[in-house]
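Read off the chains here:
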Amino acid sequence: MSRTPSTTGQDFVPFATAALDFHRALNLPGGPLVTSRAELDALHAHLVSVHGLLDAHAMRVGQLVPAEGDQLQAARTRLWQAADHVHAAYHAAPRTDSGEVPETDACRPHLPEGAPELTICQRHQRTAHLVRRRTTSADLHAPFTGLVRR
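Thresholds applied
Residues numbered from 1 in each chain as written. Predicted model: local features only at pLDDT ≥ 70, side-chain atom pairs only at ≥ 80, totals over all residues. Heavy atoms only, no water. Helix = DSSP H or I, 4+ residues; strand = E, 2+ residues; numbered from the N terminus. Buried < 20%, exposed > 50% of the residue type's maximum accessible area, 1.4 Å probe, protein only. Contact = heavy atoms within 4.5 Å. Salt bridge = Lys/Arg side-chain N within 4 Å of Asp/Glu carboxyl O. Polar contact = N/O pair within 3.5 Å; in protein donor to acceptor, adjacent residues only side chain to side chain. Axes fitted to C-alpha atoms, helices over the stretch in contact; angles between N-to-C directions. Parallel < 35°, antiparallel > 145°, perpendicular 65-115°, else oblique. Left-handed = near helix turned anticlockwise from the far one by under 90°. Nonpolar A, V, L, I, M, F, W, Y, C, P; charged D, E, K, R; others polar. Core = buried A, V, L, I, M, F, W, Y, C linked by side-chain atoms within 4.5 Å. Phe/Tyr/Trp six-rings, centres within 6.5 Å; stacked < 30°, edge-to-face > 60°. Lys NZ or Arg CZ within 6 Å of the ring centre and 35° of its normal. pLDDT = per-residue confidence, 0-100.

Enquirer: With reference to specific residues and values, describe the overall build of the chain.
Expert: Of regular secondary structure, the chain possesses five helices and zero strands. Listed by position from the N terminus, the elements making up the chain come as α-α-α-α-α. Here the chain holds 150 residues, and the buried ones make up 27% of them. Looking at the chain alone, contacts between residues at least 24 apart form 67% of all its contacts between residues at least 6 apart.

Enquirer: Which residues make up the pattern of salt bridges, and what values do they have?
Expert: Taken as a whole and assessed by the stated rule, the structure comprises four salt bridges. Put simply, Arg123 and Asp41 hold a salt bridge, and the shortest N to O gap is 2.8 Å. Residue Arg123 is found in helix α4 (residues 118-134), and its partner Asp41 is found in helix α2 (residues 37-64); the two are separated by 82 residues along the sequence. Connected via shared salt-bridge partners are Asp55, Arg76 and Arg134.

Enquirer: Which residues make up the side chain of His124, and what values go with them?
Expert: Structurally, the position occupied by His124 is in helix α4. In this structure the side chain of His124 is engaged in a polar contact, spanning 2.8 Å, whose partner is the side chain of His44. In contact with His124, other than residues within four places in its own chain, are His44, Trp80, Ala83, Asp84 and His87.

Enquirer: An account of the packing of α2 against α4 is needed here, citing residue identities and associated values.
Expert: Taken N-terminus to C-terminus, the directions of α2 and α4 make an angle of 25°; their axes are 11 Å apart at the nearest point. Here α4 runs roughly parallel to α2, going by the angle between their axes. Taken as a pair, α2 and α4 cross one another with a handedness that is left-handed. Touching Leu40, Asp41, His44, Ala45, Val48, His51, Asp55 and Met59 of α2 are Ile120, Arg123, His124, Thr127, Leu130, Val131 and Arg134, all from α4. For the contact of α2 with α4, the residue count by class is seven nonpolar, four polar and four charged.

Enquirer: Let's hear about the nonpolar core: which residues, and what values?
Expert: In this structure, Leu40, Leu47, Leu72, Trp80 and Ala83 are the most contacted members of the largest nonpolar core, which totals 17 residues. Taken together, the elements giving at least two residues each to this core come down to α2, α3 (66-92) and α4.

Enquirer: Quick rundown of the packing of aromatic side chains? Include the residues and the values.
Expert: With the rule as written, the count across this model stands at zero aromatic pairs. The ring of Tyr90 has Arg37 sitting right over it, with the charged end atom 4.3 Å from the ring centre.

Enquirer: Report on the confidence of the model for the chain, specifying residues and quantitative values.
Expert: Across the chain, the average pLDDT comes to 80, with 78% of residues at 70 or higher. Looking across the chain, the model is least confident in helix α5 (residues 137-141), with a mean pLDDT of 76, and most confident in α2, with 92.

Enquirer: Describe in detail the side chain of Arg76, supporting the description with residues and values.
Expert: You can see Arg76 is positioned in helix α3. Residue classification places Arg76 among the buried residues on the basis of a relative accessible area of 3%. Setting aside chain neighbours within four positions, we find Arg76 in contact with His51, Leu54, Asp55, Ala58, Met59, Arg134 and Thr135.

Enquirer: Tell me about the environment of Thr35, residues and numbers included.
Expert: Assignment of secondary structure puts Thr35 in the loop between α1 (13-27) and α2. Among the residues examined, Thr35 registers a relative accessible area of 35% and is labelled partly exposed. Between the C-alpha atom of Thr35 and that of Pro94, which follows or precedes it by 59 residues, the distance is 9.5 Å. Excluding its chain neighbours within four sequence positions, the residues that come into contact with Thr35 are Leu40 and Ala93.

If you want it as structure tokens, here you go:
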């Protein structure tokens, strides 16, 4: 296994970062004061995607360079926590069609809000399954997720 970074795999991450920066610069200064559910859904998808990327890196790197792997695992945990908060914000945001704020347990099994709103809950539950396999409950609730290796 080569320790030299691949140039083809790294070409896309800067574009994703630039797209988020561009979106923020264009849409937030003059945009609505309340974040739309569609934007929260897109942000959740982005966080879950970055979580998956960090998960893949943490699993691979952790075996070769444990200190780096620990830091990537800590970052992965924090990203999951951010995605969890964005998911909760989505359900706290008013519905687009009626302006109603849904119940707090709207995405629990057998109580979905329906399509397309169900998509964020399905994505969240799929990722939660991975998080439960890779992370302990103590890791998720610890005030500090990083380990210090010397």
